[in-house]
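Structural overview for review
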Amino acid sequence: MNPEISVILTIIGAVVALSILLYLLPVNLWFTAQLSNVRISLLNLVLMRLRKVPPSLVTNAMITSTKAGLRITTNEIETHYLAGGNVNKVIKALISADKANIPLDFKLATAIDLAGRDVFDAVQLSVNPRVINTPPVAAVAKDGIQLIAKARVTVRANINQLVGGAGEETILARVGEGIVTTIGSSTDHKEVLENPDRISKTVLSKGLDSGTAFEILSIDIADIDIGENVGAKLQTDQAEADLKVANARAEERRAMAVATEQEMRAKAQDAKAKVIEAEAQVPLAMAEAFRNGNLGIMDYYKMQNIQADTDMRSSISNPKGNEKK
């Protein structure tokens, strides 16, 4: 082998070995930590690399927290990183909370971060309250007038309730419920228009932020509009419904009257049929009387004269009926 090639290969091998050594032994990070008064051993940095924890992340977090006067160990930072947490946001949140005199320890901060909430944003929200605008809330006073109210809710984060506490949607729902209750209990809608702060006081007194991740500082009514006259509309609808019911009952009575009339006509026809049937029996009875000697010829003629006289009197008293007949 050519001596020059051997020398080149030796140099390349030495560079590769040195790179691997520097990768496993992050001397620069260790030196930076020592200059920042952060006590991390070189062996600990090597073990971090083997545990697949970025030594630079842990070292920088330790330097930042130490400069801010926080007491955090490398083991706590490694544990939070391996659990899937955001180390940088937790450190920034702890520093911000410490400067703002907000009680927040490392355990609570990591719990908030692992719960999926932005712990740094929560600390910022505790320092700078946020204003939440509610959607239009419609409610009806006792006089039937609909009012549409919009409110602005000023909240700040409740650090101790961030884990397991309800969010903004619950705050909005509870505020809307309070607005509806206050307007609905008012005798006259003018009372609400004259004193909109009555809504704010009533809603605030209910403790709507209980069990939520926020603390309600104030509720301000931004706007109140007059909607429909719901009471009059309901009365109109009720009158129309009553009219339909009355018409249905009248139609039912008419149908019953028609049915009764038809029934009576049927009974009259039945009675006429019985009369005709009875009249048909008269000649038979007379014939039987002749045979038995109970009726003479003079009696028969006399009865015929009486029948003719009766028919004549009927025709004289009711000539039109006679014509129709």
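Residues numbered from 1 in each chain as written. Predicted model: local features only at pLDDT ≥ 70, side-chain atom pairs only at ≥ 80, totals over all residues. Heavy atoms only, no water.

Some points on the overall build of the protein
The number of helices and strands found in the protein is 14 helices and four strands. For the protein, the C-alpha radius of gyration of 52 Å lies well beyond 20 Å, the compact-globule estimate for 325 residues. If one aligns the C-alpha atoms of the protein with their principal axes, the spans along those axes are about 175 × 75 × 35 Å. Burial status across the protein gives 28% buried among its 325 residues. The contacts of the protein with a sequence gap of at least 6 include a subset with a gap of at least 24, amounting to 65%. Taken as a whole, the protein presents about 21,200 Å² of accessible surface, with 56% of it coming from carbon and sulfur. On the protein, the mean spot of the 36 positive side-chain charges and the mean spot of the 37 negative ones are 4 Å from each other. (Helix = DSSP H or I, 4+ residues; strand = E, 2+ residues; numbered from the N terminus. Rg over C-alpha atoms; globule rule 2.2 N^0.38 Å. Buried < 20%, exposed > 50% of the residue type's maximum accessible area, 1.4 Å probe, protein only. Contact = heavy atoms within 4.5 Å. Areas by Shrake-Rupley, 256 points an atom, 1.4 Å probe, with all protein chains shown as cover. Lys, Arg positive; Asp, Glu negative; His and termini not counted. Charge placed at Lys NZ, Arg CZ, Asp CG, Glu CD.)

Digging into the pairing of strand S3 (residues 145-157)
Pairing of strand S1 (residues 130-133) with S3 involves four bridges; the strand directions are antiparallel. Note that in S3 the partner of Asn 133 across the bridge is Arg 152. Sheet topology places strand S2 (residues 137-140) next to S3; four bridges connect them, and they run antiparallel. Bridging across to S3, Val 137 finds its partner in Ala 149. In textbook terms, the turn of a hairpin is the stretch between consecutive antiparallel strands, and for S2 and S3 this stretch comprises four residues, one of which, Gly 144, has a positive phi near 90°. (Pairing = 2+ DSSP bridges.)

Overview of the pattern of salt bridges
Under the criterion given, the structure shown has 11 salt bridges. When the shortest N-O distance is used, the salt bridge between Glu 215 and Arg 156 registers 3.1 Å. Of the two residues, Glu 215 sits in strand S4 (residues 214-229) while Arg 156 sits in strand S3, which places them 59 residues apart along the sequence. Accessibility expressed as a relative area gives 30% for Glu 215, which makes it partly exposed. Here the salt bridges share partners, and the residues they tie into one network are Asp 121, Arg 130 and Glu 168. (Salt bridge = Lys/Arg side-chain N within 4 Å of Asp/Glu carboxyl O.)

Brief notes about the side chain of Thr 134
Mapped onto the secondary structure, Thr 134 falls in the loop between S1 and S2. Discounting chain neighbours no more than four positions away, the residues touching Thr 134 are Lys 150, Ala 151, Val 153, Leu 172 and Val 175.

What to know about the nonpolar core
The biggest cluster of nonpolar side chains holds 56 residues, and the ones touching the most others in it are Leu 94, Leu 104, Ile 159, Ile 179 and Ile 199. Those residues within four positions of Leu 104 in sequence are excluded, and the remaining contacts are Ala 93, Leu 94, Ala 97, Ala 109, Ile 112, Val 123 and Ile 159. (Core = buried A, V, L, I, M, F, W, Y, C linked by side-chain atoms within 4.5 Å.)

With respect to helix H8 (residues 119-127)
Along H8, the residues classified as buried are Val 119, Ala 122, Val 123, Leu 125 and Ser 126. Buried residues along H8 cover an arc of 160° about the axis, so they all sit on one side. On its buried face, H8 sits against helix H6 (87-99), helix H7 (106-114), S1, S3 and S4. The opening residue of H8 is Asp 118, an N-cap whose side-chain oxygen sits 3.2 Å from the backbone nitrogen of Phe 120. (Arc of directions from axis to C-beta. Polar contact = N/O pair within 3.5 Å; in protein donor to acceptor, adjacent residues only side chain to side chain.)

Considerations on the packing of aromatic side chains
Using the criterion set out here, one finds zero aromatic pairs in the structure. Of note, Lys 92 hangs over the ring of Phe 120, and the distance from its end group to the ring centre comes to 4.7 Å. (Phe/Tyr/Trp six-rings, centres within 6.5 Å; stacked < 30°, edge-to-face > 60°. Lys NZ or Arg CZ within 6 Å of the ring centre and 35° of its normal.)

Considering the environment of Ala 139
Residue position: Ala 139 is located in strand S2. Counting along the chain gives 177 residues from Ala 139 to Ile 316, while the straight-line C-alpha distance between them is 83 Å. With residues up to four places along the chain from it excluded, the contact list for Ala 139 reads Ile 145, Gln 146, Leu 147, Val 180 and Ile 183.

A word on the packing of helix H4 (residues 55-67) against helix H5 (residues 74-82)
The N-to-C vectors of H4 and H5 enclose an angle of 130°; their axes lie 10 Å apart at closest approach. Overall, the two elements H4 and H5 adopt an arrangement that is oblique. The two elements H4 and H5 meet at a crossing, and its hand is right-handed. Judged by residue contacts, Leu 57, Val 58, Ala 61 and Met 62 of H4 engage Thr 74, Ile 77, Glu 78 and Tyr 81 from H5. Within the contact of H4 with H5, the residues separate by chemical class into six nonpolar, one polar and one charged. (Axes fitted to C-alpha atoms, helices over the stretch in contact; angles between N-to-C directions. Parallel < 35°, antiparallel > 145°, perpendicular 65-115°, else oblique. Left-handed = near helix turned anticlockwise from the far one by under 90°. Nonpolar A, V, L, I, M, F, W, Y, C, P; charged D, E, K, R; others polar.)

A look at unusual backbone geometry
Of note in this structure, Asn 37 is not a glycine but carries a positive phi near 65°. By secondary structure assignment, the location of Asn 37 is in the loop between helix H2 (27-35) and helix H3 (42-50). In this structure Asn 37 comes out as exposed when scored by relative accessible area, which is 52%. Of note in this structure, Asn 101 is not a glycine but carries a positive phi near 60°. By the element assignment, Asn 101 lies in the loop between H6 and H7.

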